[in-house]
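# What the coordinates show
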Amino acid sequence: MARIQPRLLKGFRDYLPEVMVPRTRLLRRIAEVFERFGFEPLDTPSIEYADILLGKAGPEAEKLFYRFEDQGGRDVALRYELTVSLARVIGQYATSLPRPFKRYQMGPVWRAESPAKGRFREFWQCDVDIVGTDSLLADAECIAVDFAVMRALGVPNYVIRFNNRKVFRGLQSRIGVSDNEVMDAVMRGVDKFDKIGQAGVRAELATQVGKGGFSENGLEAVLDFLKLGQGSPTNSARIDALESFLGDTEMGRTGVNELREVLGAALGMGVDEAVLRVDPTIVRGLDYYTGTVFETFLADAPQFGSVMSGGRYDGLIGLFSNEEAPAVGISVGIDRLLAALEELKLLPKARSSAAVLVTVFTPETLGYSLRAARELRRAGINAELYLDAGAKLAKQFKYASRKGIPLVVIAGPEEEKAGNVSLRGMDSGEQMQVSIESLAQAVQDNYVDPDPNVATGRSWDWEFTDDLIDRVPPVGGVYLLRNEKHEVLKCGWAPFGKLPDAIRESVSDEQRGEVRTFDWYEIRDDNLSQALADFMNQKLSPRFGV
């Protein structure tokens, strides 16, 4: 058989372990945020009948569909995104789903677009959607989810830009466009503002002049409208500017009132206004959006475009059902975000799923190495056993180094005789003797992994820095502050939602210099948190007091 040249289709990529390990951890963190807001998981097929997917996203989007005839002669297509499949599920299982229905879904989608930096033809989306309520609290909750995801991933310098498509319908009335399809084309042109700039948008809109009442004056009015987000210093002022520009148009009034309500609710949910920006250039290119729309951009990597986006789509579900069902959702473009974090050197550098490599000193000590691996795994610690019992230690160390495994256990005949093992840090080269019974605790005390999903929410010895404190989810629980000798300096607790703030504000400026690490544990009962903190303070008598 002739040798096959290994190669990839353009626009697709392989994810090797050094990318896949942090990618998987990012997905876990995102799922944890989604579930914290009460969303339930859902999965749907990658392929749907073509008529299920067509006619919803708009003609430009549908040019990018992977559509084909399968072996049974059926007209099918790979899903372009996850929302239309959700609409099909709602229509198909309407009587068995609660309302509102809050679901999250993670999976690949396919678009036959031109590959670019951070843009692939196959990529994953991570969606949350709320179906069955027209309350604008749902829109605000999507923004709050966006904010929580970006914080959980430790993403700096981002902005959540949002708008309402109803203001464009108000603008349509103001400039006298009588044809909705012409206005849809205008909005699709505006949606390209970040890619092609004002000059490019002008050229796009010029193709619609003379159609459906869209005139040169209307074109200039649209461009003036888009500039309203630049001159006003606050979100409230931008909304006021939009309202003044739109005048007494019914849809315009509705749109700006909804913007005010969503902004107020998002702030009430704890979203930092510094990352929010009302922006009239945000319109979203998919035709099914009807109200609030939002997109998230990285200030340090604008070339990657939006990394999280969505909006309200109140008319889509009715295409598959006898009743209309209002809906809103938001989606993380995880592959684009991952590519941006790679470029910004913000992606965690873990290349291995294992925290520890358990070596095998000789075939005769294999049983002792097996016991060490068993002790670690029983404690919930990811431990890899070296599988060649005859390999030299140097080869096993080289293996750990190549995989980026931070700790190595040496379980030789002398260690076995003493009931100990040697625990070696691969970065520092330092080695300590610990009893095999205390091996798991020693690993927990010396291995830092700032991942809230490790050990069901618990992590050991996080460095006491602002960026790691920011990664603590907004839950309740107890925390410990430690010095460089691993002595507990302070034990405290926080009610639900306040744990990061409590850790950040736990010590004075003078005391802060002594703190090196912190531990935390989520507890969902505030009374239990306080009781446990009181008990630990009595037993430990930490120097900084309560």
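Scroll up for the structure.
We now turn to the structure provided with this report.

What counts as what
Residues numbered from 1 in each chain as written. Predicted model: local features only at pLDDT ≥ 70, side-chain atom pairs only at ≥ 80, totals over all residues. Heavy atoms only, no water. Helix = DSSP H or I, 4+ residues; strand = E, 2+ residues; numbered from the N terminus. Buried < 20%, exposed > 50% of the residue type's maximum accessible area, 1.4 Å probe, protein only. Contact = heavy atoms within 4.5 Å. Areas by Shrake-Rupley, 256 points an atom, 1.4 Å probe, with all protein chains shown as cover. Lys, Arg positive; Asp, Glu negative; His and termini not counted. Charge placed at Lys NZ, Arg CZ, Asp CG, Glu CD. Axes fitted to C-alpha atoms, helices over the stretch in contact; angles between N-to-C directions. Parallel < 35°, antiparallel > 145°, perpendicular 65-115°, else oblique. Left-handed = near helix turned anticlockwise from the far one by under 90°. Nonpolar A, V, L, I, M, F, W, Y, C, P; charged D, E, K, R; others polar. Pairing = 2+ DSSP bridges. Core = buried A, V, L, I, M, F, W, Y, C linked by side-chain atoms within 4.5 Å. Salt bridge = Lys/Arg side-chain N within 4 Å of Asp/Glu carboxyl O. Polar contact = N/O pair within 3.5 Å; in protein donor to acceptor, adjacent residues only side chain to side chain. Expected span 1.5 Å × (residues − 1). 1 Å grid on protein atoms, 1.4 Å probe; cavity = no way out; pocket = protein on both sides within 12 Å on 5 of 7 lines; lining within 4 Å. Points joined across faces, edges and corners; volume = space filled by probe spheres on them.

### Observations concerning the overall build of the chain
From N to C terminus, the chain includes 21 helices and 20 strands. Counting only C-alpha atoms and orienting by the principal axes, one finds that the chain spans roughly 90 × 75 × 50 Å. Evaluated residue by residue, the chain yields a buried proportion of 52% over its 546 residues. Looking at the chain alone, contacts between residues at least 24 apart form 67% of all its contacts between residues at least 6 apart. Surface summary for the chain: the accessible area is close to 25300 Å², and the carbon and sulfur share equals 50%. If you average the places of the 67 positive and of the 79 negative side-chain charges in the chain, the two averages end up 5 Å apart.

### Describing the packing of helix H5 (residues 136-152) against helix H12 (residues 250-268)
Where H5 contacts H12, the two axes come as close as 8 Å, and the packing angle between them is 55°. In terms of their interaxial angle, H5 and H12 are classed as oblique. At the point where H5 passes H12, the crossing takes the right-handed sense. Here H5 contributes Leu-136, Leu-137, Asp-139, Ala-140 and Ile-143 to the contact with H12, which in turn contributes Glu-258, Glu-261, Val-262, Ala-265 and Ala-266. Of the residues contributing to the contact of H5 with H12, the split by class is seven nonpolar, no polar and three charged.

### Digging into the sheet that holds strand S13 (residues 383-385)
With respect to topology, five strands assemble into an open sheet ordered S13-S12-S14-S15-S16, the strand pairing being mixed. Both edges of this open sheet fall to S13 and strand S16 (431-435), since each of them pairs with a single strand only. The sheet shows a mean angle of 25° between the axes of neighbouring strands, taken without regard to direction. As defined by bridge partners, strand S14 (residues 407-410) adjoins strand S15 (residues 420-425) across four bridges and the pair is classed as antiparallel. If you follow Ile-410 over to S15, its bridge partner there is Ser-422. Lying on the sheet, helix H14 (residues 366-378) is in contact with strand S12 (356-358), S13, S14 and S15; it crosses S13 at an angle near 160°. Strands S12, S13, S14 and S15 of the sheet are contacted by helix H15 (residues 393-403), whose axis makes an angle of about 160° with S14.

### Quick notes on the packing of helix H6 (residues 165-175) against helix H7 (residues 180-190)
Direction vectors running N to C along H6 and H7 enclose 125°, while the axes themselves pass 11 Å from each other. Judged by the angle between their axes, H6 and H7 are oblique. In the packing of H6 onto H7, the handedness of the crossing is right-handed. On H7, the residues touching Arg-165, Phe-168, Arg-169, Leu-171 and Gln-172 of H6 are Asn-180, Met-183, Asp-184, Met-187 and Val-190. A breakdown of the residues in the contact of H6 with H7 according to their chemical character gives five nonpolar, two polar and three charged.

### Regarding unusual backbone geometry
Of note, the bond from Arg-99 into Pro-100 is cis; its omega dihedral lies within 30 degrees of zero at -5°. As for its position among the elements, Pro-100 is in the loop between helix H4 (83-92) and strand S5 (101-110). Unlike most non-glycine residues, Asn-157 shows phi in positive territory, near 50°. Positive phi values are uncommon outside glycine, yet Ser-541 reaches one of about 45°. Among the structural elements, Ser-541 can be located in the segment after helix H21 (526-540). Accessibility expressed as a relative area gives 56% for Ser-541, which makes it exposed.

### Structural notes on the nonpolar core
In this structure, Phe-34, Phe-168 and Phe-225 are the most contacted members of the largest nonpolar core, which totals 82 residues. The leading source of residues in this core is H5, at twelve residues. Among all residues touching Phe-34, those that are not within four sequence positions of it are Phe-39, Tyr-104, Met-106, Cys-126, Asp-127, Val-128, Val-145, Val-149 and Val-332. Of all hydrophobic cores here, the second largest spans 26 residues; its members include Ile-52, Leu-86, Ala-87 and Tyr-288.

### Structural notes on the side chain of Glu-81
Residue position: Glu-81 is located in the loop between strand S4 (75-78) and H4. Here Glu-81 is buried and forms no salt bridge, its nearest opposite-charge partner Arg-111 lying at an N-O distance of 6.0 Å. A distance of 3.3 Å separates a polar atom in the side chain of Glu-81 from the backbone nitrogen of Thr-83. With residues near it in sequence (within four places) discarded, Glu-81 still touches Val-109, Arg-111, Gln-125, Leu-286 and Tyr-288.

### Quick notes on the sheet that holds strand S2 (residues 47-49)
Read from one edge to the other, the open sheet built from three strands follows the order S2-S4-S3, with strand pairing classed as antiparallel. Looking at the sheet topology across the chains shown, the edges are occupied by S2 and strand S3 (67-69). In this sheet, neighbouring strand axes are inclined to one another by 35° on average, regardless of whether the strands run parallel or antiparallel. Looking at chain direction, S3 and S4 are connected through three bridges and run antiparallel. Paired with Phe-68 across the two strands is Val-76, which belongs to S4.

### Quick word on the environment of Phe-397
Checked against the element boundaries, Phe-397 lands in helix H15. Considering only alpha carbons, one finds Phe-397 and Pro-495, 98 residues apart in sequence, at a separation of 45 Å. Ignoring anything within four residues of it in the chain, the contact list for Phe-397 reads Thr-359, Val-408, Ile-410, Arg-424 and Met-426.

### Considerations on H5
Helical geometry note: an α-helix holds 3.6 residues per turn, so side chains three or four residues apart project in the same direction. Over its 17 residues, H5 runs 24 Å from end to end, which matches the ideal 24 Å to within 8%, given 1.5 Å per residue. Of the residues that open H5, the one with a side-chain oxygen 3.1 Å from the backbone nitrogen of Leu-137 is Ser-135. Remark: Gly-154 follows H5 within two positions and exhibits a positive phi of approximately 70°.

### Describing empty space enclosed by the protein
Scanning all chains against the criterion turns up one cavity of 30 Å³ or more. Roughly 50 Å³ of internal volume is contained in the largest cavity. The wall of the largest cavity is formed by Leu-53, Lys-56, Ala-57, Phe-65, Tyr-80, Glu-81 and Val-84. Each residue belonging to the lining of the largest cavity can be placed in one class, and the counts come to five nonpolar, no polar and two charged.

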